[in-house]
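# Observations on chain architecture
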Amino acid sequence: MTNAQQFEIFMRNYQNMVFSTAMRLLTNQSEAEDVTQEVFLRAYERFGELQGSPTVGGWLKTVATNLSLNHLSRYRSRWTFFSEIFTGDTDAGDGPEMEFADESNVGEKLEARDRHELVERALQKLPTAQRVPLVLYHLEGLRYDEIAEKLGVSLGKVKTDISRGREALRKKLRLTLEPENSLT
Amino acid sequence: MNPDYDKQLEAAISRELKALPELAAPGALANRVMAAIGQRARVPWYRRSWQTWPLALQGVLLVGLLAAFALLCFGGWQLAHFTMLTPAAREVSGWFSLVNAVWNAANTLATALGLAFRSLGPAVITGIAVMLLASYAACVGLGTVYWRLAFCASLKERQL
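Attention in this report is confined to the structure presented alongside it. (Residues numbered from 1 in each chain as written. Chains lettered and ligands numbered in written order. Predicted model: local features only at pLDDT ≥ 70, side-chain atom pairs only at ≥ 80, totals over all residues.)

## A closer look at the overall build of chain A
When helices and strands are tallied, chain A shows nine helices and zero strands. The 184 residues of chain A split such that 30% are buried. (Helix = DSSP H or I, 4+ residues; strand = E, 2+ residues; numbered from the N terminus. Buried ≥ 20, exposed ≤ 12 C-beta atoms within 10 Å, placed from the backbone.)

Pasting the structure below:
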């Protein structure tokens, strides 16, 4: 088996993970594809080291996260600056609610797949300032201080944004918090 | 905010997000990456980025560049000290004297500006600084309004 064939198998094993990381941070398919491609081009350059390494998944996730954040800061910061001045679109709680097939007991009636789709869509509709730290905290497992460092913002802002993001998600998903942590 | 509520909310959101399956990458992505790899492989080594060059070539280039830099430094020092040796050296020295004249003029100008600033006093300097900042803010503001007016529709589309 040639090196290229081995790499193709390697890529097919990890492409969903890398694409998911990029997609949840960027919420734009073509940008996520570009980032995924760049991640694998870099992986190809050091395929010898990565092949068989137990930390390859972590390496790919870290590179995907860093490239996505670079992409956001390079290509979107100016646009976000201008758009947020006028719309004041920083609080997801005021955003459009998700549509539900049946509002009475959503959690019980939706199939797991539908539920995932719903959560995915709700996550993608969060403003970038809330979604990115939320994804880094809950999905990438970064600590608050690490997120603050990566995003170049204060620790307080990270905590506030994550808290607002959770609250916005709770509203969008209509989660009810019970004393014993169960969901309705 | 109630810390218990925060903990419950964190746990609930964490559960929801961690239950998410991986998103399926588009089917054509693997082919696209392999095509990009193939395209890169066809580019000759000297046209690729330096990091991807063979290690031996990287070393040779690094040593060559260091040698060239050392030669340049040595040559410059020689010119500065032995300019009267040959007519060619004298000519090169003439070019450097032009650079020297420009440097002296810039230096004099900077000194004069420094003196002028010192004689103006802090109130005038603060006034000038405030005026410059206000002009800058006005430019940014007007630019923003222009941007918003010009690209309003496309921005709204992207936000949805």
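## Some thoughts on the interface of chain B and chain A
Taken residue by residue, the interface counts 32 residues in chain B and 35 residues in chain A. Tallying contributions element by element places helix H1 (residues 3-18) of chain B first for the side of chain B that touches chain A, with eleven residues. Counted by class, the side of chain B that touches chain A contains 21 nonpolar, five polar and six charged residues. (Contact = placed C-beta atoms within 7 Å. Nonpolar A, V, L, I, M, F, W, Y, C, P; charged D, E, K, R; others polar.)

## Regarding the packing of helix H1 (residues 3-26) of chain A against helix H2 (residues 29-45) of chain A
Residue and element names in this part refer to chain A. Where H1 contacts H2, the axes come no closer than 8 Å and their chain directions differ by 140°. The angle between H1 and H2 places the two elements in the oblique class. When you trace H1 past H2, the crossing you get is right-handed. On H2, the residues touching Phe-7, Met-11, Gln-15, Val-18, Phe-19, Ala-22, Met-23 and Leu-26 of H1 are Gln-29, Glu-31, Ala-32, Val-35, Thr-36, Val-39, Phe-40 and Tyr-44. When the residues that make up the contact of H1 with H2 are grouped by side-chain class, the tally is twelve nonpolar, three polar and one charged. (Axes fitted to C-alpha atoms, helices over the stretch in contact; angles between N-to-C directions. Parallel < 35°, antiparallel > 145°, perpendicular 65-115°, else oblique. Left-handed = near helix turned anticlockwise from the far one by under 90°.)

## Points about the nonpolar core
If you look at soluble globular proteins, the nonpolar side chains tend to sit buried side by side. Ranked by size, the top nonpolar core spans 41 residues in total, and within it Val-18, Phe-19, Ala-22, Val-35, Val-39, Ala-64 and Leu-169 of chain A carry the most contacts. Here this core spans two domains, since at least three of its residues come from each of domain 1 (1-88) and domain 2 (89-174) of chain A. Those residues in contact with Leu-169 of chain A that sit more than four places away from it in its chain are Ala-122, Leu-123 and Leu-126 of chain A together with Ile-13 of chain B. (Core = buried A, V, L, I, M, F, W, Y, C linked by C-beta atoms within 7 Å. Domains from an automatic or database assignment.)

## Let's talk about H1 of chain B
Along its 16 residues, H1 of chain B runs 22 Å from first to last C-alpha, staying within 8% of the 22 Å computed at 1.5 Å per residue. Restricting attention to buried positions, one finds in H1 of chain B the residues Leu-9, Ala-12, Ile-13 and Glu-16 of chain B. Viewed end-on, H1 of chain B has its buried residues packed into an arc of 95°, placing them on one side of the element. For H1 of chain B, the exposed residues set more than 90 degrees away from the buried face come down to Pro-3, Asp-4, Lys-7, Ala-11 and Lys-18 of chain B. Where H1 of chain B is buried, its residues touch helix H6 (112-124), helix H7 (128-138) and helix H9 (155-173) of chain A. (Expected span 1.5 Å × (residues − 1). Arc of directions from axis to C-beta.)

## So, H9 of chain A
With 19 residues, H9 of chain A ought to run about 27 Å at 1.5 Å a step, and its terminal C-alpha atoms sit 27 Å apart, in line with that. Considered for burial, the residues of H9 of chain A that qualify are Val-158, Asp-161, Ile-162, Arg-164, Gly-165, Arg-166, Ala-168, Leu-169, Lys-172 and Leu-173 of chain A. On the buried face of H9 of chain A, the contacting elements are H6, H7 and helix H8 (144-151) of chain A together with H1 of chain B. After H9 of chain A finishes, the residue Arg-174 of chain A shows a positive phi value of roughly 55°.

## Describing the packing of H9 of chain A against H1 of chain B
For the pair H9 of chain A and H1 of chain B, interaxial distance at closest approach is 10 Å and the crossing angle is 65°. Considering the angle they form, H9 of chain A stands roughly perpendicular to H1 of chain B. Once H9 of chain A is placed against H1 of chain B, the crossing between them reads as left-handed. Along its contact with H9 of chain A, which presents Arg-166, Leu-169, Arg-170 and Leu-173 of chain A, the element H1 of chain B presents Leu-9, Glu-10, Ile-13 and Glu-16 of chain B. Its residues assigned to classes, the contact of H9 of chain A with H1 of chain B shows four nonpolar, no polar and four charged.

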